[in-house]
Amino acid sequence: EMPSMGRKSVDDDDDSPLVPAFITKLVKILADPDCSGVFQYGPDGNTIQVLEGQQFASKVLPKYFKHSNLASFVRQLNLYGFHKSSQDADLCEFQHRHFRRDRPELLRNIRRKTAGGGGS
């Protein structure tokens, strides 16, 4: 059982408009038992890992997002400031300093980058 942080639980997304919908979905996917082994926290809880890219794209993405494109999902992660944390080609692992398994109160600090500055 997750210890409750104050009165708000992670599921009250209506209650906390401060956490972007995309981030709320990430937390839900990570909590979904059907997704373990496909998409999960890294061992220390400070990274997220896509373990089965194909399965993640075909089963998980359509369930939570309106597409099944892994590249689009990764682009979203990058827009919110996540960085690939592993150089291992077989491991698709990302991290964000405010996205940690045991620190739900930090999620409100994650913001979508505003468009600007060419690039892309």
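Predicted, not measured: the structure shown is a model, and the values here were computed from it.

Peer 1: Is there a simple way to think about the pattern of salt bridges in this case?
Peer 2: Working definition: two side chains of opposite charge can pair if their charged atoms are close together. Within this structure, the stated rule accounts for three salt bridges. In this structure, Lys63 and Asp34 form a salt bridge, with 3.6 Å as the shortest nitrogen-oxygen distance. Here Lys63 is found in helix H2 (residues 53-64), whereas its partner Asp34 is found in the loop between helix H1 (21-31) and strand S1 (39-41), with 29 residues between them in sequence. Owing to a relative accessible area of 62%, Asp34 belongs among the exposed residues under this scheme. Between Glu105 and Arg103 there is a salt bridge, with the nearest N and O atoms lying 2.6 Å from each other. Beyond isolated ion pairs, a larger network of salt bridges with shared partners links Asp32, Asp34 and Lys63.

Peer 1: Can you help me understand the packing of aromatic side chains in this one?
Peer 2: Note on aromatic pairs: each is described by the distance of the centres and the angle between the planes. Here the structure, examined in full by the defined rule, presents nine aromatic pairs. Measuring from ring centre to ring centre gives 5.1 Å for Phe22 and Tyr80, while their planes differ by 15°; the resulting arrangement is stacked. With Phe22 in helix H1 and Tyr80 in the loop between helix H3 (70-79) and strand S3 (83-84), the pair connects residues that are 58 residues apart, well separated along the chain. The pair formed by Phe22 and Tyr80 is uniform in burial state, with each residue classed as buried. Each member of the aromatic cluster is reached from another via a ring pair, and the members are Phe22, Phe39, Phe56, Phe65, Phe73 and Tyr80. Cation over ring: Lys84 sits above Phe94, and NZ or CZ is 5.8 Å from the ring centre.

Peer 1: So what exactly am I meant to see when it comes to the sheet that holds strand S4 (residues 92-95) here?
Peer 2: Two pairing modes exist for strands in a sheet, parallel and antiparallel, and in both the strands are linked by backbone hydrogen bonds. Strand order in the open sheet formed by four strands is S1-S2-S4-S3, and the pairing between neighbours is antiparallel. In the strand order of this sheet, the two ends are held by S1 and S3, each with one partner. Lying on the sheet, H3 is in contact with S1, strand S2 (47-50) and S4; it crosses S2 at an angle near 170°.

Peer 1: What should I look at first to understand the nonpolar core in this one?
Peer 2: Side chains of nonpolar character tend, in soluble globular proteins, to be buried together. Membership of the largest hydrophobic core comes to 28 residues, with the highest contact counts inside it found for Ile23, Leu26, Phe39, Ile48, Phe73, Phe82 and Phe99. Tallying contributions element by element places H1 first for this core, with six residues. If near-sequence neighbours (up to four positions away) are discounted, Phe99 is found in contact with Ile23, Leu26, Val27, Leu30, Tyr41, Gly45, Asn46, Ile48, Phe82, Leu107 and Ile110.

Peer 1: What should I look at first to understand H1 in this one?
Peer 2: Structurally, the α-helix is built with 3.6 residues per turn, so residues lying three or four positions apart point the same way. Considered for burial, the residues of H1 that qualify are Phe22, Ile23, Thr24, Leu26, Val27, Ile29 and Leu30. For H1, the elements touching its buried residues are S1, S2, H2 and H3.

Reading the values: the criteria
- Residues numbered from 1 in each chain as written.
- Predicted model: local features only at pLDDT ≥ 70, side-chain atom pairs only at ≥ 80, totals over all residues.
- Heavy atoms only, no water.
- Salt bridge = Lys/Arg side-chain N within 4 Å of Asp/Glu carboxyl O.
- Helix = DSSP H or I, 4+ residues; strand = E, 2+ residues; numbered from the N terminus.
- Buried < 20%, exposed > 50% of the residue type's maximum accessible area, 1.4 Å probe, protein only.
- Phe/Tyr/Trp six-rings, centres within 6.5 Å; stacked < 30°, edge-to-face > 60°.
- Lys NZ or Arg CZ within 6 Å of the ring centre and 35° of its normal.
- Pairing = 2+ DSSP bridges.
- Contact = heavy atoms within 4.5 Å.
- Axes fitted to C-alpha atoms, helices over the stretch in contact; angles between N-to-C directions.
- Core = buried A, V, L, I, M, F, W, Y, C linked by side-chain atoms within 4.5 Å.

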